[in-house]
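Here is what each chain is made of, one letter per residue.
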Amino acid sequence: MRSAAEPRTGRLARLLATPPPGPFDRRVWRSPLRGPWLASVLSVALLVLFGLAAITGYLSNVAYQPGLGTNSVTGGGLDRHLFGWSWPTSPAWLYAFTQGVHVVAGVAAIPILAAKLWAVIPKFYKWPPVRTPAEVLERLSIALLVGSSIFLLLTGVLNIAYWYQAFLGFSFVPAHFYAAFVFVGALLAHLVLKLPVMVRAFRERGVLRPLLEDTANTKPEPFREDTSAPLEPMAPTISRRGLLGVVAAASGAFVVLLGGESIGGWARRVSLLAPRSESPGAGEGGFQVNKTAAAAGIDPREVGPDWRLEVLGARTLTLDRGALHSLPQHTYSLPIGCVEGWSTTQRWTGVRLRDLARMAGVPAPGRMHAQSVERVGQFNQATLNREQVVDARSLLALKVNGRDLPLDHGFPARVIAPAVPGVHNTKWVARLTFS
Ligand SMILES: Nc1nc2c(c(=O)[nH]1)N[C@H]1C(S)=C(S)[C@@H](COP(=O)(O)O)O[C@H]1N2
Ligand SMILES: [Mo]
């Protein structure tokens, strides 16, 4: 018995002692720049950006309540107010701002995440892969962290680029939302596990010293658990300072090229990779159009002279354009702030939603459901919460910048309300239901 078992454990021990060829061989990863200090510096940047993205992502989810999937005015689906609070209507630019921060932070994180993965890649090919149950858990948390962060950045970029319908077989909002839970959980676990490594790296090498001291720029800084005999380090092709400079420049370039539409102004004009980078004035009516009437399949006859607005409440009203224009009109400058990060502020004129609610016999509306003439598409209906409906600036807009709404911007009437996600600004409205 004994003599038969021994060679087998001997084989196992040998297998565990000698890494297989390929990336498990330490000699493959020879850059002297890799190590705990570089990983820590990149981690600090990622923590700030991912922290901002997580907070603003959570805020966006709150702003999306009542959920888009809410087909009935009584709610359902994702419809709930997390922690008992609902999204405010002031300041009017709040959603445009938080969502701009979300997109810019996510986009800026892409090159930094790539650099971070590069800095720690030898650890992914540790041999043996795990030694203790604690290491199994640690590796699992890292797999979830890397997987979810790549998934979030990828789906986010596909969403901004309008590619997700073609590329993804699932709907963006719930996928991005639930992946964020995996991400935040794994990030917290990672923080707890790795904070000591970071603190030690900064204590031993200084926070900025490796950047400032030229001699330390290319000196190897092996990972602590890497106790095997030092290898001949590869001749450096770039200094640590140079590497971080390239990463920072790439991050900045990504922000400008892709995220510029969130920053606006000149940045929008140079955001060459962003689909909404047209200079103001490019779209019909002086500002860009998200989805044209043609793309939404709007038949011009449906929004012609025979168009009627139905208003449902305690009683049902049917109003034509003339009737709507004869009601008290109000004008406010309000942004459309899209989940994709871009925003545009225009002067909208129309009838207050709360006036329409009162006319329909609902003086204290709890919510409003808007339905579009548009038949297909996810965004042909939306629900506003109580604060959004009763706000004096919330309009059924008939005009923008003093002229009738262009067809592409929702003629004859669209919803416009302060600080709501752009997708709640339903265009080509056919019916409003107050309850
Ligand atoms: N009926 C309808 N309304 C809609 C949409 C749509 O696809 N169909 N898109 C929404 C989205 S996602 C945004 S960001 C805004 C964009 O408004 P704009 O096209 O006037 O820029 O309209 C919203 N209203
Ligand atoms: Mo949007």
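Structure: see above.
Small disclaimer: the values here were computed from a predicted structure and weren't measured.

What counts and what doesn't
Residues numbered from 1 in each chain as written. Chains lettered and ligands numbered in written order. Predicted model: local features only at pLDDT ≥ 70, side-chain atom pairs only at ≥ 80, totals over all residues. Heavy atoms only, no water. Patch = residues over 30% accessible without salt bridge, like charges linked within 9 Å, V, L, I, M, F, W, Y side chains within 5 Å. Areas by Shrake-Rupley, 256 points an atom, 1.4 Å probe, with all protein chains shown as cover. Salt bridge = Lys/Arg side-chain N within 4 Å of Asp/Glu carboxyl O. Helix = DSSP H or I, 4+ residues; strand = E, 2+ residues; numbered from the N terminus. Buried < 20%, exposed > 50% of the residue type's maximum accessible area, 1.4 Å probe, protein only. Near = heavy atom within 4 Å. Polar contact = N/O pair within 3.5 Å; in protein donor to acceptor, adjacent residues only side chain to side chain. Pairing = 2+ DSSP bridges. Axes fitted to C-alpha atoms, helices over the stretch in contact; angles between N-to-C directions.

Attention now goes to a nonpolar patch on the surface. A grouping of Leu137, Leu140, Leu144 and Val182 is seen on the molecular surface, where their side chains present a nonpolar patch of about 370 Å² in accessible area. If you tally residues by element for the nonpolar patch, the top one is helix α4 (residues 133–160), at three residues. Along the chain, leucine 144 turns up in helix α4. Among the residues examined, leucine 144 registers a relative accessible area of 42% and is labelled partly exposed.

Our focus in this paragraph is the site of ligand 1. Taken together, 18 residues lie around ligand 1, and Asn290, Glu374, His409, Arg414 and Lys427 are the ones closest in. In the model, a nitrogen atom of ligand 1 is placed 3.4 Å from a nitrogen or oxygen of the phenylalanine 379 main chain. At 3.0 Å, a backbone N or O of asparagine 425 approaches a nitrogen atom of ligand 1. In the complex, 99% of the free accessible area of ligand 1, which totals 540 Å², lies under the protein chains.

We now examine the sheet that holds strand β10 (residues 429–434). Read from one edge of the open sheet, five strands run β2-β1-β10-β5-β6, paired in mixed fashion. Of all the strands in the sheet, just β2 (316–319) and β6 (381–385) have a single pairing partner and so form its edges. Taking the axes of each pair of neighbouring strands and ignoring which way they run, one obtains an average angle of 15° across the sheet. In this sheet, β10 lies alongside strand β1 (residues 309–312) in parallel orientation, the contact comprising three bridges.

It is worth spelling out the pattern of salt bridges at this point. As enumerated under the stated definition, the model contains 10 salt bridges in all. In this structure, the salt-bridge partner of arginine 205 is glutamate 204, at a minimum N-O distance of 3.6 Å. Residue classification places glutamate 204 among the partly exposed positions, given a relative accessible area of 41%. Here glutamate 310 makes a salt bridge to arginine 431, at a shortest N to O gap of 2.9 Å. Of the two residues, glutamate 310 is situated in strand β1 and arginine 431 in strand β10; the sequence distance between them amounts to 121 residues. The exposure class of arginine 431 is partly exposed, given its relative accessible area of 30%.

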